[in-house]
Amino acid sequence: MASSRKKVLIPIAHGTEPLEALAMITVLRRSGAYVTVASVENQVGVDACHGIKMVADTLLSDITDSIFDLIMLPGGLPGGETLKNCKPLENMVKKQDTDGRFNAAICCAPALALGTWGLLEGKKATCYPVFMEKLAATCATASESRVEIDGKIVTSRGPGTTIEFSLTLIEKLCGKQTAVDVSSILLPRPNPGEEFTFTELNQTNWTFEDTPHILVPIAEGSDEIEAISVVDILRRAKANVVIASVSNSLEVVGSHKANLVADVLLDEVLEKSFHLIMLPGGLNGASRLSRCEKLVNMLKKQAEANKPYGGICASPAYVFEPHGLLKGKKATTHPVVSNRLSDQSHVDHRVVVDGNLITSRAPGTAMECALAIVEKFYGREKALQLAKATLV
């Protein structure tokens, strides 16, 4: 029944970490929870970190009297500071605590918001490593766990722990079986915190003269985590990443109803050259990308020039396979659609690089895929630095 759906609030601000926010939003929505994304700014559109734009469902000021089963705070700077300084949000979170309902925060938000508001005194909590001292100063017992639970407060460390964090909260709200069901679709890392790896065949140098230029096309129904993981991680590496909408609007609705905002329409970059074209998945999104003749032509030219291209989740099966872009290549894809690949020899690998092609399986493998791209362009040391910084 609709009335039994758990209600979750996720506030966002200018400078919110988009990978954390979008993962929280979409993973919780997969559980059947009714997730409200609320801007604490004066408008629903916010400029998140790494040049990524987000659009909230509503303004926080319009829902301050609403009751939620869970309030989840994403991190990012200056977003975390803005959340901390938002008095209506502070009042909502404190009432949540008084009433015995769940509060959760990740990255800098446990120390900056929950700790500053006095909610962590005597509690065990974790946060992003550089905020651990500040966390301890709030009279919390600082933990280095990837996810920490103390009563009705759940905290976590950063972008690379967000899926674990969100699944933990699903288990608390909806039960273990729901968390297991969602996890089976996401395919989170079985060994979180260990050094990331990927499968490479027919090793080829991905060379470039200066800054790598990367195109990430999106469509209605594209998977939000997969798209933003690539953009977020590659922009951290200082790559020039362009998000291009294949629809007639810059704003598209992702596979779990989060609003994605492109930098340009695909028509504006048809004649431009990219070192990599990288497609997110999402069944409906991949189907739309496959039907975009202009994008398919770009991909074919990319492949013919032996320049890198790739896809995550449904895109290898729905875009590359039917258009002959996997001929002679080993690839992986999401288990649900793996029977669509003519060569299924590597479908159980999380990330596969075969020459100039990179493929990956699911939202839970997207950060590993993005780090593999960093390694191909910048080398292993740079990729490991970013893996450490994002807590993969």
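Bear in mind that the values here come from a model prediction, so they are computed numbers and not experimental data.

Analysis parameters
- Residues numbered from 1 in each chain as written.
- Predicted model: local features only at pLDDT ≥ 70, side-chain atom pairs only at ≥ 80, totals over all residues.
- Heavy atoms only, no water.
- Helix = DSSP H or I, 4+ residues; strand = E, 2+ residues; numbered from the N terminus.
- Rg over C-alpha atoms; globule rule 2.2 N^0.38 Å.
- Buried < 20%, exposed > 50% of the residue type's maximum accessible area, 1.4 Å probe, protein only.
- Contact = heavy atoms within 4.5 Å.
- Lys, Arg positive; Asp, Glu negative; His and termini not counted.
- Charge placed at Lys NZ, Arg CZ, Asp CG, Glu CD.
- Salt bridge = Lys/Arg side-chain N within 4 Å of Asp/Glu carboxyl O.
- UniProt positions renumbered as here; feature names shortened; annotations may be inferred.
- Expected span 1.5 Å × (residues − 1).
- Arc of directions from axis to C-beta.
- Axes fitted to C-alpha atoms, helices over the stretch in contact; angles between N-to-C directions.
- Parallel < 35°, antiparallel > 145°, perpendicular 65-115°, else oblique.
- Left-handed = near helix turned anticlockwise from the far one by under 90°.
- Polar contact = N/O pair within 3.5 Å; in protein donor to acceptor, adjacent residues only side chain to side chain.

*Asks:* How should I be thinking about the overall build of the protein chain in this particular structure?
*Replies:* A tally of helices and strands in the protein chain yields 13 helices and 21 strands. Computed over the C-alpha atoms, the radius of gyration of the protein chain is 20 Å, within 12% of the 21 Å expected from 2.2 N^0.38 for a compact globule of 392 residues. For the protein chain, with 392 residues in total, the buried portion stands at 59%. Counting only contacts in the protein chain whose residues sit at least 6 apart along the sequence, the fraction spanning at least 24 positions is 70%. Between the averaged position of the 41 positive side-chain charges in the protein chain and that of its 44 negative side-chain charges there is a distance of 2 Å.

*Asks:* Explain the pattern of salt bridges here, please?
*Replies:* When the charged atoms of two side chains with opposite charge come close together, those side chains can pair. Summed over the entire model, instances satisfying the criterion amount to 20 salt bridges. Across the pair Asp223 and Arg30 runs a salt bridge whose closest N-O atoms are separated by 3.0 Å. Residue Asp223 is located in the loop between strand E13 (213-218) and helix H8 (224-236), and its partner Arg30 is located in helix H1 (residues 18-30); the two are separated by 193 residues in the primary sequence. Across the pair Asp232 and Arg236 runs a salt bridge whose closest N-O atoms are separated by 2.6 Å. On the criterion of helical spacing, the pair formed by Asp232 and Arg236 is a turn pair, its members being 4 residues apart in helix H8. In this structure, a network of salt bridges that share partners links the residues Glu17, Asp232 and Arg236.

*Asks:* How should the UniProt feature "domain: DJ-1/PfpI" (unreviewed entry) in the protein chain be read in this particular structure?
*Replies:* Within this numbering scheme, the UniProt entry marks residues 6-171 and 214-375 as carrying the feature "domain: DJ-1/PfpI" (unreviewed entry). Helix makes up 32% of residues 6-171 and strand 25%, whereas the separation of the span's terminal C-alpha atoms amounts to 12 Å. Taken end to end, residues 214-375 is 30% helix and 22% strand, and its first and last C-alpha atoms sit 14 Å apart.

*Asks:* Explain helix H3 (residues 87-98) to me, please; I cannot follow it from the model alone.
*Replies:* What sets the pattern is the α-helix's 3.6 residues per turn: residues three or four places apart point alike. With 12 residues, H3 extends 16 Å between its outermost C-alpha atoms, agreeing within 8% with the 16 Å of an ideal straight helix rising 1.5 Å per residue. The set of residues buried in H3 consists of Leu89, Glu90, Met92, Val93 and Gln96. Projected down its long axis, H3 shows its buried positions confined to an angular sector of 165°, all on one face. Just downstream of H3 lies Gly100, where phi reads positive at about 80°.

*Asks:* Is there a simple way to think about the packing of helix H12 (residues 366-378) against helix H13 (residues 380-390) in this case?
*Replies:* Axis angle and axis distance: for two packed helices, these are the angle between their axes and the distance between the axes, and together they describe the pair. Interaxial distance between H12 and H13 falls to 7 Å at its minimum, and their mutual angle equals 150°. The orientation of H12 relative to H13 falls into the category roughly antiparallel. Considering how the two elements wind past one another, H12 and H13 form a crossing that is right-handed. Of the residues in H13, those touching H12 at Met367, Leu371, Val374, Glu375 and Tyr378 are Arg380, Lys382, Ala383, Leu386, Ala387 and Thr390.

*Asks:* What is the right way to read H1 from this model?
*Replies:* In this model H1 runs 18 Å from its N-terminal to its C-terminal C-alpha over 13 residues, within 8% of the 18 Å that 1.5 Å per residue would give. With respect to burial, H1 is a largely interior element, 12 of its 13 residues being buried. Those residues of H1 not exposed but buried are Pro18, Leu19, Glu20, Ala21, Leu22, Ala23, Met24, Ile25, Thr26, Val27, Leu28 and Arg29. The N-cap of H1, judged by a side-chain oxygen 3.0 Å from the amide nitrogen of Leu19 a few residues on, is Glu17. The positive-phi residue at the C-terminal boundary of H1 is Gly32, with phi of around 95°.

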